[in-house]
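Secondary and tertiary structure notes
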Amino acid sequence: MQDVTRPSETPDFLNHDRPPVPAMVVPRAIMPFHLDGRPVRGRLVRLGKLAEALIGRHDLPEDVSRLLGQALALTAGLAAALKFRGSFSLQAKGDGPVPMLLADCTDAGEIRGYARAEGLASGEAGALLGKGYLAFTCDQGPDMDRYQGLVAIEGETLAEMTDSYFRTSEQLQAFVRLACRRTPEGWRATALILERVAAEGGVDGLGDEEADEAWNTATTLASTVKEEEMLDDGLPPEQLLHRLFHAEGLLVDRPRALSYGCRCSRARLAGVLQGFPEADLDHMAEHGLITMTCEFCNVAFRFERSEVRGGAGRA
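The rules behind the values
Residues numbered from 1 in each chain as written. Predicted model: local features only at pLDDT ≥ 70, side-chain atom pairs only at ≥ 80, totals over all residues. Heavy atoms only, no water. Helix = DSSP H or I, 4+ residues; strand = E, 2+ residues; numbered from the N terminus. Expected span 1.5 Å × (residues − 1). Buried < 20%, exposed > 50% of the residue type's maximum accessible area, 1.4 Å probe, protein only. Contact = heavy atoms within 4.5 Å. Patch = residues over 30% accessible without salt bridge, like charges linked within 9 Å, V, L, I, M, F, W, Y side chains within 5 Å. Areas by Shrake-Rupley, 256 points an atom, 1.4 Å probe, with all protein chains shown as cover. Salt bridge = Lys/Arg side-chain N within 4 Å of Asp/Glu carboxyl O. Lys, Arg positive; Asp, Glu negative; His and termini not counted. Charge placed at Lys NZ, Arg CZ, Asp CG, Glu CD. Phe/Tyr/Trp six-rings, centres within 6.5 Å; stacked < 30°, edge-to-face > 60°. Lys NZ or Arg CZ within 6 Å of the ring centre and 35° of its normal. Polar contact = N/O pair within 3.5 Å; in protein donor to acceptor, adjacent residues only side chain to side chain. Core = buried A, V, L, I, M, F, W, Y, C linked by side-chain atoms within 4.5 Å.

This part covers helix α4 (residues 158-169). An ideal rise of 1.5 Å per residue puts 16 Å on twelve residues; α4 measures up with 16 Å between its terminal C-alpha atoms. Among all positions of α4, only Leu158, Ala159, Met161, Thr162, Ser164, Tyr165 and Phe166 are buried. Residues of α4 that are buried in the fold lie against α2 (62-79), α3 (125-129), β6 (132-139), β7 (147-152), β8 (174-183) and β9 (186-196). Taken from the residues just after α4, Gln171 is the one with a positive phi, measuring 50°.

Time to look at a negative patch on the surface. On the surface, Asp208, Glu209, Glu210 and Glu213 cluster together to form a negatively charged patch. In this structure, Asp208 sits in helix α5 (residues 208-222). The exposed category is assigned to Asp208, whose relative accessible area is 64%.

A complete count under the given rule lists five aromatic pairs for this structure. Geometrically, the ring pair formed by Phe33 and Phe245 is stacked, given 5.6 Å between the ring centres and 25° between the ring planes. Taken together, the residues Phe33 in strand β1 (residues 25-35) and Phe245 in helix α7 (residues 237-245) connect sequence positions 212 residues apart. There is no split in this pair, since Phe33 and Phe245 are both buried. Judged by centre distance (5.2 Å) and plane angle (85°), the rings of Tyr114 and Phe296 are edge-to-face. Placement of the pair is Tyr114 in strand β5 (residues 110-116) and Phe296 in the loop between β12 (289-293) and β13 (300-304), with a sequence separation of 182 residues. Exposure remark for Tyr114: the relative accessible area of 9% places this residue in the buried category. Through a chain of ring-to-ring contacts, the aromatic side chains of Phe88, Phe136, Tyr165 and Phe166 assemble into a single cluster. A cation over an aromatic ring shows up here: Arg112 above the ring of Phe296, its NZ or CZ 4.0 Å from the ring centre.

Note on placement: Arg196 falls in strand β9. Polar contacts involving the side chain of Arg196 include one to the side chain of Asp212, which spans 2.8 Å.

Residues Leu47, Leu50, Leu101, Leu129, Leu158 and Leu258 are the most contacted members of the largest nonpolar core, which totals 75 residues. Residues contacting Leu50, with those up to four places away along its chain left out, are Met24, Val26, Ile111, Leu258, Ser259 and Tyr260. Ranked by size, the runner-up nonpolar core spans 21 residues in total, among them Leu194, Trp215, Leu244 and Phe245.

This is the structure:
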């Protein structure tokens, strides 16, 4: 079997082979739902074995791994609301021990992410990220403008930061509960997201006070969910939602799949290298080889320096 990370006879710009990463799909990873006659819709996200496959490829401190898992579950849940072909990403940049955190998910459920940790990194998201910003980006492809919402990193947890984003940038009431932990089966990560549907969204027969009460009831019930329940592989998502909302007209929609979504290839990385000046490529080379490591899947690709033409060397 050809090792796609090493130079081959196929020109790099034509070599679209993927690295040896898991071909993994979790068929019922996202469970959308709504409460009949109430201004509430939501999604329960369970990454299952995908969490271990995505987080376990990186040598990160425990708390940073937990933050990455929360970001992956949250991003998958927000991407599930997309009504177009494209992707949704969450990116945090700060001056703390974790200066970079990134997760993205396509409309088809391909998910990936990484975090960069420096020095001693422990604590909740606020302590790990420090001061900076959180960016939520909807990308509808090269022919459409990207939509990006920015919010300052404020709050102790990633859930609190997301709530701040919804309130200030989207003027939307939302409830977010995130959980990630290493279990005997490996890393597991879950998100429970509720969104309040606007009055014009089709909720009939409710006055403002009744709608407020229905929303408050739903979020109060959601806040009772335990981390153990969220991360329990043996507890079906429908059963967990039934425990929370069975008296509130729970209607479960069609589940959606998530898959291991790193999209790197030799061709993609070769294109990145071709954007560097020749002098930079010379500096990158060691013993005639340039090594590029995909930050998402943590796989190292090796390129012959003599085969790479930099930006300054092209006509």
